[in-house]
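Take a look at the letters that make up each chain.
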Amino acid sequence: MTTSSVSNTESQTYWANKLNKCLYQAEQQAKFMNLQAEVDCLLRQLQDMKVQKSSETNS
């Protein structure tokens, strides 16, 4: 194996690792965004329940 083919193989490995990392990060970011949306929805529901309870107490 020549120096250029070792260098080429190392370069391919480097870019394959970088691509895998990017794909993994994108997947993790999508999961995080879904969880964040779910938390926002649950928080809104909790706030609505507090408002409803407060209005029932004042009635």
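Each chain carries its own residue numbering, running from 1 in the direction its sequence is written. With the structure being a predicted model, the display of local features is reserved for residues of pLDDT at least 70 and the display and counting of side-chain atom pairs for 80 or more, all residues being used for whole-chain, interface and lining totals. Only heavy atoms go into the side-chain values, all of them from the structure, while hydrogens and water stay out.

Caption draft 1: Quick look at the overall build of the chain. For the chain, the count of helices and strands is one helix and zero strands. Exposure was quantified through the Shrake-Rupley algorithm and a 1.4 Å probe, taking into account, for residues, occlusion by the shown protein chains and nothing else. A total accessible area of about 5700 Å² is found for the chain, and carbon and sulfur atoms account for 58% of it. Where helices and strands are cited, they refer to DSSP runs of H or I of at least four residues and of E of at least two residues respectively, numbered from the N terminus.

Caption draft 2: Spatial organisation of the pattern of salt bridges. By definition, a salt bridge exists where a carboxyl oxygen of Asp or Glu is found within 4 Å of a side-chain nitrogen of Lys or Arg. The full count for this structure, using the stated rule, is one salt bridge. Between Glu27 and Lys31 there is a salt bridge, with the nearest N and O atoms lying 3.5 Å from each other. Separated by four residues within a single helix, Glu27 and Lys31 lie in helix α1 (residues 3-58), roughly one turn from each other.

Caption draft 3: Region of the structure containing the packing of aromatic side chains. Think of it this way: a Phe, Tyr or Trp ring, Trp meaning its six-membered ring, pairs with another when their centres are within 6.5 Å, and the plane angle makes it stacked under 30 degrees, edge-to-face over 60, tilted otherwise. Taken as a whole and judged by the stated rule, the model has one aromatic pair. Taking 5.0 Å as the distance between ring centres and 80 degrees as the angle between the ring planes, the aromatic pair formed by Tyr14 and Trp15 counts as edge-to-face. Classification of Tyr14 as partly exposed rests on a relative accessible area of 47%. Type-normalised accessible area, obtained with a 1.4 Å probe on protein chains alone, sets the label of each residue: buried when under 20%, exposed when over 50%, and partly exposed for intermediate values.

Caption draft 4: Layout of the environment of Ser55. Here Ser55 lies in helix α1. The definition of a polar contact used here is a pair of N or O atoms within 3.5 Å, where within protein one atom must be able to donate a hydrogen and the other to accept one, and adjacent residues in sequence count solely through side-chain atom pairs. At 2.9 Å, the side chain of Ser55 forms a polar contact with the backbone oxygen of Gln52.

By themselves, these observations are geometric and do not establish any function.
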